[in-house]
Amino acid sequence: MSKSFVDSFVAKMTKKEDFVQLSKVDYFKSMSSWLPSGSPILDHRLRTLGFPVGIIEIRGKSQSGKTTLSLTAIAQFQKKYPDGVAVVLSTERRDNKAYAKRLGINVDRLIIIHCHSIEDVLNKSNTLLTEIKEEWKKEGMEGKPKICMIWDSLGATISNQERKGLEQAAKDEDEDHHKTAMASAARAIKRLFRFMQGEIYDNDIWFIVINHVYENMSGHGGNKSYGGTAIEFHPTLRINVAKMSYVKIRDKKVAQISNITVVKSDWGSSLEEIEVE
């Protein structure tokens, strides 16, 4: 094909909806909003202005600082977007109002949604998004509503089928029931993200997923995620958080130092390691 044909053909096709000429796209500049993480050094090392809209996975072991980092982002969201809707999809049911206040969160403006299963997370979050958009339109607000959601946590959420399988495995003492149940949970997680991904990116939503990791006991070393590979390709940003040490004043712990590793980033700063307090 000649260059003139290609040029004219590309120009014609990119006039159609959803056809885009790459030379005219700059996703960094076109990103409608950035959310400060609450850690300036993290935002700097991400080479962005904070967390991008989309799916953000924050994972680590217990007490590594995952929830603190997520809630700090909520506090920043409330400051930056006074009319924004902040939500925690809670399956762990360990909602600490006093700690949230210490992090600067306006708890009167934070919605906690208790979820019982992966399917429940999907149904309730979808219902919430529909309600927000309807109310936003009814109030005559311009643009899109700003929404920040935290799922706390993927690792603590099971599917309805997994619950039934675990109950059956306990009765029968059958390991096969347990394996089948785990597989059903992975399928449910994949369905959730396939369904939610379009809604999240189309509506410029920050969807922060807290995920637990644990020691790989197979003898090969490393860590494994309770979410398995079900969430692997969905996040635009994935960071690992690990507890390093504590800051003490007169033998009293007043802060924690955590190591943050950017494992995946669509903005080109993967494998960056920093320490934050």
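Residues numbered from 1 in each chain as written. Predicted model: local features only at pLDDT ≥ 70, side-chain atom pairs only at ≥ 80, totals over all residues. Heavy atoms only, no water.

Re the environment of V263
Positionally, V263 belongs in strand β10 (residues 252-265). A residue is classified by how much of its surface remains accessible, and V263, at 28% relative accessible area, is partly exposed. Sequence separation of V263 and L237 is 26 residues, and the distance between their C-alpha atoms is 7.8 Å. (Helix = DSSP H or I, 4+ residues; strand = E, 2+ residues; numbered from the N terminus. Buried < 20%, exposed > 50% of the residue type's maximum accessible area, 1.4 Å probe, protein only.)

Brief notes about helix α6 (residues 118-138)
Along its 21 residues, α6 runs 30 Å from first to last C-alpha, staying within 8% of the 30 Å computed at 1.5 Å per residue. Along α6, the residues classified as buried are I118, D120, V121, L122, S125, L128, L129, I132 and W136. Where α6 ends, the next residue or the one after it, G140, has phi of about 75 degrees, a positive value. (Expected span 1.5 Å × (residues − 1).)

Remarks on the environment of V20
Structurally, the position occupied by V20 is in the loop between α1 (3-13) and α2 (27-30). On the basis of relative accessible area, V20 is assigned to the exposed category, the value being 56%. Sequence separation of V20 and V10 is 10 residues, and the distance between their C-alpha atoms is 9.0 Å. With residues up to four places along the chain from it excluded, the contact list for V20 reads T14 and V25. (Contact = heavy atoms within 4.5 Å.)

Section: a positive patch on the surface
On the surface, R187, K190, R191 and R194 cluster together to form a positively charged patch. Tracing the chain through its elements places R194 in helix α8 (residues 175-202). (Patch = residues over 30% accessible without salt bridge, like charges linked within 9 Å, V, L, I, M, F, W, Y side chains within 5 Å. Areas by Shrake-Rupley, 256 points an atom, 1.4 Å probe, with all protein chains shown as cover. Salt bridge = Lys/Arg side-chain N within 4 Å of Asp/Glu carboxyl O. Lys, Arg positive; Asp, Glu negative; His and termini not counted. Charge placed at Lys NZ, Arg CZ, Asp CG, Glu CD.)

Thoughts on the pairing of strand β5 (residues 110-114)
Looking at chain direction, strand β4 (residues 85-90) and β5 are connected through 5 bridges and run parallel. Bridging across to β5, L89 finds its partner in I113. With helix α5 (residues 97-102) bridging β4 and the parallel β5, this β-α-β connection has right-handed handedness. (Pairing = 2+ DSSP bridges. Right-handed = clockwise from strand over helix to strand, strands pointing away.)

Details of the pattern of salt bridges
Counted according to the given criterion, the structure contains 6 salt bridges. Between R238 and E57 there is a salt bridge; the shortest N-O distance is 2.4 Å. Of the two residues, R238 is situated in strand β9 (residues 237-249) and E57 in strand β3 (residues 54-60); the sequence distance between them amounts to 181 residues. The same class applies to R238 and to E57, which are both buried. Between K124 and D120 there is a salt bridge whose closest N-O contact spans 3.1 Å. Of this pair, K124 and D120 both sit in helix α6, 4 residues apart, which is roughly one turn of the helix.

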